[in-house]
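# Chains, contacts and geometry: an overview
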Amino acid sequence: METTKTLVYDGSFNGFLTAVFIAYEQKLSYADIQRQGQNQGGLFAETEIIFTNVEKAQRVWNGIRKKSNAAIKNIYFTFLSENRNIEALLYHYIRKLMGSKINSATNFSDDCILKINQIAHKVGREKHRMEAFIRFQLTKDGVYFANIEPDFDVLPLISKHFRNRYADQQWIIYDVKRKYGLFYDLKSVEVISLDLTEIHTNSLEKSTAFTDEEYEYQNLWTNYFKSTNIKSRINTKLHTQHVPKRYWKYLSEKKEAV
Amino acid sequence: MDFNRIKEKLNILADAAKYDVSCSSSGSNRTNKNNGLGNTGNGICHSYTEDGRCVSLLKILLTNHCIFDCAYCVTRKSNDIQRAAFKIQEVVDLTINFYRRNYIEGLFLSSGIFKSADHTMERLIAVAKKLREEENFNGYIHLKSIPGASDELMYEAGLYADRLSVNIEIPTISGLKLLAPDKNHADFIKPMLKVKNEIIRYKEEKKIIKHTAKYAPAGQSTQMIVGATGESDKDIMYSATHFYKNYNMKRVYYSGYVPISMDSRLPSLGTEVPMLRENRLYQTDWLLRFYGFSVNEILDADNPNLDMDIDPKLMWALRNLNFFPVDINKADKHMLARIPGVGMGSVNKILNGRKFRKLDWDHLKKMGVALNRAKFFIICNSTDWERRDLDAARIRSMILQNSKSKFKNQYTNQLSLFN
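Residues numbered from 1 in each chain as written. Chains lettered and ligands numbered in written order. Predicted model: local features only at pLDDT ≥ 70, side-chain atom pairs only at ≥ 80, totals over all residues.

It is worth spelling out the UniProt feature "domain: DUF4130" (unreviewed entry) in chain A at this point. The residues that UniProt annotates with the feature "domain: DUF4130" (unreviewed entry) are residues 86-253 of chain A. Split by type, residues 86-253 of chain A is 42% helix and 14% strand. Its first and last C-alpha atoms lie 36 Å apart. (UniProt positions renumbered as here; feature names shortened; annotations may be inferred. Helix = DSSP H or I, 4+ residues; strand = E, 2+ residues; numbered from the N terminus.)

What follows is the structure, given as structure tokens:
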């Protein structure tokens with residue numbers, strides 16, 4: 001009988017790659033890789049705790065990258081989706097990729113490969129949405145501050161975009177769902193965690209944390225948003241399709257709608 | 001800064017600028033220099049108005065004072081509306097502050113024509129120059145080329161702007177004579193031609209000298225009003241093709257005419273905006289630019305207008321049934337792209353997927369092909385396919401019957417009994 005084994009890793013991407021390494025080492029055709037804290041042992045399965053090992057993770061990363069650059073991107077994006085049991089699907093995907101002589105990352109006739117592609121696409125869309133929907137508010141300390149609550153864990157993906165674009169201003173993007181954020185101090189981007197007493201949504205009430213001018217500009221922006229609308233072309237369905245309601249509470253132009 | 005006064009101006013001048021449909025912020029390659037502010041990339045829509053249009057740029061007029069009296073335009077001189085004008089510094093401040101808060105990708109600056117074309121163009125350039133040189137702003141700037149502006153100014157504009165555009169507005173010369181009697185067709189063409197030549201020059205010089213100053217890296221675009229002068233879809237698409245071919249346009253935009261005035265030359269107030277028609281024109285535009293169609297395949301003397309009920313690719317396929325059915329597993333890319341219900345994303349997936357195995361209906365469905373249309377035109381690795389010898393009219397009615405178009409309420413001309 002083939003052994004089934006549950007591999008429990010720490011939740012980091014490197015941890016996951018290490019788990020893949022161990023699974024390969026033990027020649028597991030099916031690896032039940034689970035995130036710590038979410039793991040459930042099987043009735044007859046052994047459990048092994050995986051200690052993240054950057055070197056092993058690197059070897060897996062390089063191995064896949066040699067096969068296909070598109071695949072490595074898909075794997076990282078899909079991993080960030082945090083879907084339940086995504087690890088098992090990813091392991092299946094990696095085995096498929098490594099087991100085939102030609103580059104099978106584009107084999108869209110395969111269910112698993114198509115599925116991974118579609119999930120990676122969704123995460124990519126969320127990344128793009130965050131690049132669009134983040135609204136900085138200027139604090140009295142001169143830091144541009146934004147709260148977000150993305151569907152997927154996209155902070156690592158958007159860091160470079162904001163670093164390149166807002167190189168001459170300090171900014172913080174804080175994920176209130178996952179309780180960590182990015183802080184750019186004019187030199188480099190750091191991962192931070194904050195003790196937020198309040199979540200800064202687009203409330204009509206003014207917070208003392210922000211400058212007065214900040215509210216003037218929000219006001220101007222909301223005004224602009226209204227005047228650029230053409231009333232005779234109104235299409236609410238299309239509007240909410242592009243700007244789904246779950247993002248509204250962080251958009252200053254949708255203050256009144258929330 | 002007097003925020004109340006700015007707000008007033010912003011309301012007037014954004015309202016007047018909104019009929020310019022272009023809001024693209026892509027196609028440029030400006031990077032952030034010396035830790036300054038901003039860069040450009042693939043374009044981001046930061047918000048969408050309630051009419052569903054993208055908000056990517058701060059789109060405003062410098063002023064809505066205008067010496068022209070074009071019937072289709074809100075800011076025409078005979079129109080009794082509030083007038084306002086921004087100072088250069090005010091536009092700069094607004095742009096920078098909106099940009100820093102991640103509201104926008106950059107600035108789209110247009111203007112009514114005051115004093116003369118050159119005078120207006122100079123002011124537009126001054127804003128762009130200030131943003132680039134004083135604020136170290138590397139975001140997107142779209143400037144309007146003012147019809148009749150001199151070559152020297154058009155050259156200078158391209159040094160600061162990412163994109164330049166002149167709106168041709170009326171697709172036919174006769175229509176222009178009727179609606180904008182003081183404007184001259186040649187005045188529109190002049191800056192367009194200059195920009196085109198400068199872009200070619202820039203590309204040539206860049207091959208030799210790497211540090212040639214950028215000239216309008218996102219190219220130029222134009223816009224046509226649809227449904228103001230009774231022109232046919234053929235007129236519009238043929239003149240669009242003319243601009244794509246002869247002026248290397250990046251984009252031609254189609255803007256359904258929004259009735260704004262009482263004028264016997266124009267559709268009356270309250271006429272519905274031809275949004276469906278606009279959509280069909282964009283679909284045609286895409287077929288020409290990305291799907292390998294040429295304009296005379298879709299529109300010709302016998303078929304001067306697009307079918308509103310079905311998309312233009314389906315319309316073409318129904319007229320050319322002799323090309324079908326296409327074998328999904330054998331056909332080349334060119335032919336795959338011509339199957340109704342198959343987009344370029346699916347074409348790519350089909351081409352890749354079929355290297356590994358023969359594709360069947362299930363594969364196609366999962367890849368995202370719209371089988372309700374495609375199934376009449378393809379065979380795949382299945383014994384189950386459309387064998388009946390259906391004629392075009394029959395296929396058309398079967399597709400219409402089995403699909404729910406979001407535009408349905410717009411093209412049923414029949415009056416509903418209860419409403």
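The next subject is the sheet that holds strand β1 (residues 5-9) of chain A. Residue and element names in this part refer to chain A. The strand order β2-β1-β3 describes an open sheet built from three strands, whose pairing is parallel. Two strands in the sheet have a free side with no partner beyond their single neighbour: β2 (32-35) and β3 (46-49). Along the sheet, successive strands turn relative to each other by an average axial angle of 25°, direction set aside. The pairing of β1 with β3 spans four bridges and is classified as parallel. (Pairing = 2+ DSSP bridges. Axes fitted to C-alpha atoms, helices over the stretch in contact; angles between N-to-C directions.)

All names here are of chain A. Under the domain assignment used here, chain A contains domain 1 (5-126) and domain 2 (134-254). Measuring from the centre of the C-alpha atoms in domain 1 to the corresponding centre in domain 2 gives 33 Å. Taken together, the contact pairs five residues of domain 1 with six residues of domain 2. Looking at the side of domain 1 that touches domain 2, its residues break down into two nonpolar, one polar and two charged. (Domains from an automatic or database assignment. Contact = placed C-beta atoms within 7 Å. Nonpolar A, V, L, I, M, F, W, Y, C, P; charged D, E, K, R; others polar.)

Two quantities define a packed helix pair, namely the angle between the helix axes and the distance between the axes. All names here are of chain B. Contact pair helix α3 (residues 117-133) / helix α4 (residues 151-160): the axes reach a minimum separation of 9 Å and the direction vectors enclose 25°. Our classification of the angle between α3 and α4 gives roughly parallel. By crossing handedness, the relation of α3 to α4 is classed as left-handed. Contact residues: D118, M121, E122, I125, A128, K129 and R132 in α3; L153, E156, A157 and Y160 in α4. Of the residues contributing to the contact of α3 with α4, the split by class is six nonpolar, no polar and five charged. (Parallel < 35°, antiparallel > 145°, perpendicular 65-115°, else oblique. Left-handed = near helix turned anticlockwise from the far one by under 90°.)

Moving on, we come to the sheet that holds strand β8 (residues 251-256) of chain B. Residues and elements named next belong to chain B. Judged by pairing direction, the sheet is parallel, and its six strands sit side by side in the order β3-β4-β5-β6-β7-β8 without closing on themselves. Of all the strands in the sheet, just β3 (57-61) and β8 have a single pairing partner and so form its edges. Neighbour-to-neighbour, the strand axes of the sheet open up by a mean angle of 20°, direction not taken into account. Contacting β7 (220-226) and β8, helix α8 (residues 275-290) crosses the sheet at an angle of about 165° to β8.

Interfaces are frequently sized by the accessible area removed from exposure as the parts join. With 40 residues of chain A at the interface, the matching set in chain B holds 44 residues. Counting only elements with at least two residues in the side of chain A that touches chain B, the list comes to α5 (111-133), α6 (155-165), α7 (212-227) and α8 (236-242) of chain A. No other element matches α7(A), which puts nine residues into the side of chain A that touches chain B. Looking at the side of chain A that touches chain B, its residues break down into 17 nonpolar, 15 polar and eight charged.

Looking now at the confidence of the model for chain A. The share of residues in chain A with pLDDT of 70 or more is 97%, and the mean pLDDT across the chain is 90. Summarising per-element confidence for chain A, the mean pLDDT is lowest in β3(A) (86) and highest in strand β6 (residues 170-175) of chain A (96). (pLDDT = per-residue confidence, 0-100.)

Another point: the pairing of β8(B). Residue and element names in this part refer to chain B. Among the six residues in β8, six count as buried, and that is most of the element. Every second residue of β8 is oriented toward a common face, with R251, Y253 and S255 on one face and V252, Y254 and G256 on the other, all of them buried. In this sheet, β8 lies alongside β7 in parallel orientation, the contact comprising six bridges. Across the sheet, the residue bridging to M224 is Y254, located in β8. Since β7 and β8 lie parallel, the crossover through helix α7 (residues 233-247) that links them has a hand, and here it is right-handed. (Buried ≥ 20, exposed ≤ 12 C-beta atoms within 10 Å, placed from the backbone. Right-handed = clockwise from strand over helix to strand, strands pointing away.)

Between F324(B) and P325(B) the backbone carries a cis peptide bond, its omega angle lying at 0°. Inspection of the secondary structure assignment puts P325(B) in the loop between α10 (312-319) and β9 (326-327). Positioned with a positive phi, K27(A) is a non-glycine residue whose angle comes to about 55°. Within the secondary structure, K27(A) sits in the loop between α1 (13-25) and β2.

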